[in-house]
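Coordinates in review
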Amino acid sequence: MRRLSLVFLLILSCAVRLQAKPVALFYLTDTPDSIRSFQAHANKIDLLVPTWYSTDENGLVTGAPNPTVLEIAHHDGLPVMPIVALFNKKQFHELAGNAEAQQRMNEALIRECKLHGYTGFQFDIENVNYLDRDGLTALVQRSADALHKAGLQVTIATVPNAPGYPGKGGFAKWIYTDWRGAFDLAALAKSVDLICLMTYDQQTRWTMPGPVAGWQWTTENLDYALKLVPKEKLSLGIPLYGYHWYTGAPTVDKATGDEKPNLSADYIGTADALQLAAAYNGKIEWDAADHNAFFYFYRDQMREWVFYTDLHTFRDRYQLVTDRGLQGFCSWVLGTEAPEIWTLLPDRR
């Protein structure tokens, strides 16, 4: 009897462990690198979210699947949930105020799901004015109602917005009014099946050099989101990419001839980052405070900075997902990752 009890506890322990496995959501673009990464690692992915669709102010949905990707996904039993994107303030404002256009959009989304076997759609609506917050919430709720009735799912990628109000500086005001302030996490969580918290792009071409997703910034935004969203509905964004900062040529005003400084930054994948480090003798370092890999090097007598995601950077954030008991993680984007991350992730089957 004691032996049977021990066996039962072992089975129960294994079941709990399997249930607790974070859902691995990966974004896919149409670049060759992204598609090759998907082909090589499809068995490590639990949910594929490709960037195949967009919509406009009239609710016109445009896009189509990549036939090769869709064939592999269906053959492997991998759920596919494409993005439908809109990144224009004016267009979104018009769409949010037009019920007929929203119905047109929802009908198109349902049609595409039935045609191609998608499990649903993920909204990626960015660059929205904070005054359109209620409009965004209402639009997502209408879409969720329509797709749920059709047996489909709706998820949304949201810009992290802790502490929920703007700070003092000009950049803090802009990032709130134009990016963060439109997302009512508590209201959205009531409508959608999953919220993908885009905890990346903390530092970008708009900012000084720094981590794409610093540790304190990530945990503060996660803690804030968890006050509003059930952990079972929350996926933490883990960037796979980085940024390369350098000094660009001064910009020149064509009318006046006045010159202005031009601090520039480009999006960079891990392979390209390591190639730069090797070419210019950049020493890879670890930022213990921000849990992030970085290096700098000199070219043309100027220092250039690269912050990127190596295995250590990814692993720390993956562990955070596990420790907090979240639904899973969402990583942008296939094709930019450190190859070593795949050793960390279990097979889907």
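Parameters at a glance
- Residues numbered from 1 in each chain as written.
- Predicted model: local features only at pLDDT ≥ 70, side-chain atom pairs only at ≥ 80, totals over all residues.
- Heavy atoms only, no water.
- Buried < 20%, exposed > 50% of the residue type's maximum accessible area, 1.4 Å probe, protein only.
- Helix = DSSP H or I, 4+ residues; strand = E, 2+ residues; numbered from the N terminus.
- Contact = heavy atoms within 4.5 Å.
- Polar contact = N/O pair within 3.5 Å; in protein donor to acceptor, adjacent residues only side chain to side chain.
- Pairing = 2+ DSSP bridges.
- Axes fitted to C-alpha atoms, helices over the stretch in contact; angles between N-to-C directions.
- 1 Å grid on protein atoms, 1.4 Å probe; cavity = no way out; pocket = protein on both sides within 12 Å on 5 of 7 lines; lining within 4 Å.
- Points joined across faces, edges and corners; volume = space filled by probe spheres on them.
- Nonpolar A, V, L, I, M, F, W, Y, C, P; charged D, E, K, R; others polar.

1. Considering helix α7 (residues 170–180)
Taken residue by residue, α7 has I175, Y176, T177, D178 and R180 as its buried positions. The inward-facing, buried residues of α7 abut α4 (89–96) and α9 (215–226).

2. Some remarks on the environment of D347
Within the element layout of this structure, D347 appears in the segment after β17 (328–332). Residue D347 is classed as partly exposed on the basis of its relative accessible area, which comes to 40%. Between the C-alpha atoms of D347 and H41, which are 306 residues apart in sequence, the distance is 9.1 Å. Not counting residues within four places of it along the chain, the set of residues in contact with D347 comprises K21, N43 and K44. A distance of 3.2 Å separates a polar atom in the side chain of D347 from a polar atom in the side chain of K44.

3. Some remarks on the sheet that holds strand β16 (residues 302–308)
If you trace the 5 strands from one edge of the open sheet to the other, you get β13-β10-β16-β15-β14, paired in antiparallel fashion. Looking along the sheet, the strands with just one partner apiece sit at the ends: β13 (263–268) and β14 (285–287). Sheet twist, expressed as the mean angle between neighbouring strand axes with direction ignored, is 25 degrees. Here strand β10 (residues 242–247) pairs with β13 via 6 bridges, running antiparallel. Looking at the pairing, T247 lines up with L263 of β13.

4. Some details on the layout of surface pockets
Considered as a void within the structure, the largest pocket measures approximately 790 Å³ in volume. Around the largest pocket sit 32 residues that line it, and E126, W179, Y200, D201 and Y243 are the ones nearest its centre. Counting residues per element, the lining of the largest pocket draws most heavily on α7, which supplies 5 residues. In terms of residue class, the lining of the largest pocket is built from 22 nonpolar, 4 polar and 6 charged. Taken as a whole, the second largest pocket spans an internal volume of roughly 310 Å³. As for the second largest pocket, its lining consists of 19 residues, and the residues nearest its centre are D33, L334, G335, T336 and E337. Of all the elements in the fold, those that place two or more residues in the lining of the second largest pocket are α2 (32–41) and α10 (270–279). With 4 residues, the top contributor of residues to the lining of the second largest pocket is α2. Its residues assigned to classes, the lining of the second largest pocket shows 7 nonpolar, 9 polar and 3 charged.

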